[in-house]
Amino acid sequence: MVHPRTTVEDIEELSSLIQVPLVAGTVNRGSDVLGGGMVVNDWSAFVGLDTTGTEISVVESIFKLSGRGQQQGQSNIVTDMRSSLIDQLS
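Anyway, here's the lowdown on the structure attached to this text. (Residues numbered from 1 in each chain as written. Predicted model: local features only at pLDDT ≥ 70, side-chain atom pairs only at ≥ 80, totals over all residues. Heavy atoms only, no water.)

Turning next to the overall build of the protein chain. From N to C terminus, the protein chain includes four helices and two strands. Overall, the protein chain shows an N-to-C arrangement of helices and strands of α-β-β-α-α-α. Residues classed as buried in the protein chain amount to 19% of the 90 residues present. Relative to all contacts within the protein chain whose residues are 6 or more apart in sequence, the contacts with residues 24 or more apart total 37%. Surface accessibility of the protein chain: about 6500 Å² in total, with carbon and sulfur atoms responsible for 54%. (Helix = DSSP H or I, 4+ residues; strand = E, 2+ residues; numbered from the N terminus. Buried < 20%, exposed > 50% of the residue type's maximum accessible area, 1.4 Å probe, protein only. Contact = heavy atoms within 4.5 Å. Areas by Shrake-Rupley, 256 points an atom, 1.4 Å probe, with all protein chains shown as cover.)

This paragraph deals with the side chain of T26. On the secondary structure map, T26 appears in the loop between helix 1 (8-18) and strand 1 (38-40). Every residue in contact with T26, bar those within four places of it in the chain, is listed here: M1, P4, S31, D32, L34 and E55.

Residue Q19 is not a glycine yet carries a positive backbone phi of 55°. Classification of Q19 by relative accessible area gives exposed; the value is 64%. Despite not being glycine, N28 shows a phi value in the positive range, around 50°. With respect to the helices and strands, the residue N28 is situated in the loop between helix 1 and strand 1.

Our next topic: the environment of V27. Tracing the backbone shows V27 in the loop between helix 1 and strand 1. Residue classification places V27 among the buried residues on the basis of a relative accessible area of 0%. Taking the C-alpha atoms as reference points, V27 and D50, separated by 23 residues in sequence, lie 7.7 Å from one another. Apart from residues lying up to four places away in sequence, V27 is in contact with V33, L34, G37, M38, T51, E55 and V59.

Taken together, E9, D10, E12 and E13 make up a surface patch of like negative charges. With respect to the element layout, E9 can be found in helix 1. For E9, a relative accessible area of 56% corresponds to the exposed category. (Patch = residues over 30% accessible without salt bridge, like charges linked within 9 Å, V, L, I, M, F, W, Y side chains within 5 Å. Salt bridge = Lys/Arg side-chain N within 4 Å of Asp/Glu carboxyl O. Lys, Arg positive; Asp, Glu negative; His and termini not counted. Charge placed at Lys NZ, Arg CZ, Asp CG, Glu CD.)

Taken together, V39, F46, L49, M81, L85 and L89 make up a surface patch of nonpolar side chains, about 600 Å² in accessible area. Relative to the helices and strands, M81 resides in helix 4 (residues 76-89).

With that settled, the discussion passes to the environment of V33. Among the structural elements, V33 can be located in the loop between helix 1 and strand 1. Expressed as a C-alpha distance, the spacing of V33 and V2, which sit 31 residues apart in the sequence, is 9.5 Å.

Shape is all these values report; function is a separate question.
Right, here's the structure in full:
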């Protein structure tokens with residue numbers, strides 16, 4: 001995921017250099033600072049409180065996080081962490 005104002009030419013060049021598909025996007029209701037509002041690993045993504053549902057779905061699709069737990073037997077640790085965070089924030 002790259003800065004939303006990155007040109008198509010730059011995205012294509014970077015993508016060909018690192019051999020990874022890239023997509024421009026935002027977090028925290030349109031914030032251009034991706035690293036300041038998002039942390040992603042192989043199993044989960046954590047985003048800022050202002051992140052919209054659309055932005056979350058884009059992050060999940062880019063990093064292929066949707067449904068991954070059911071397919072690979074996701075541990076209860078991630079489920080417990082997610083539930084705990086939701087309980088604390090609501």
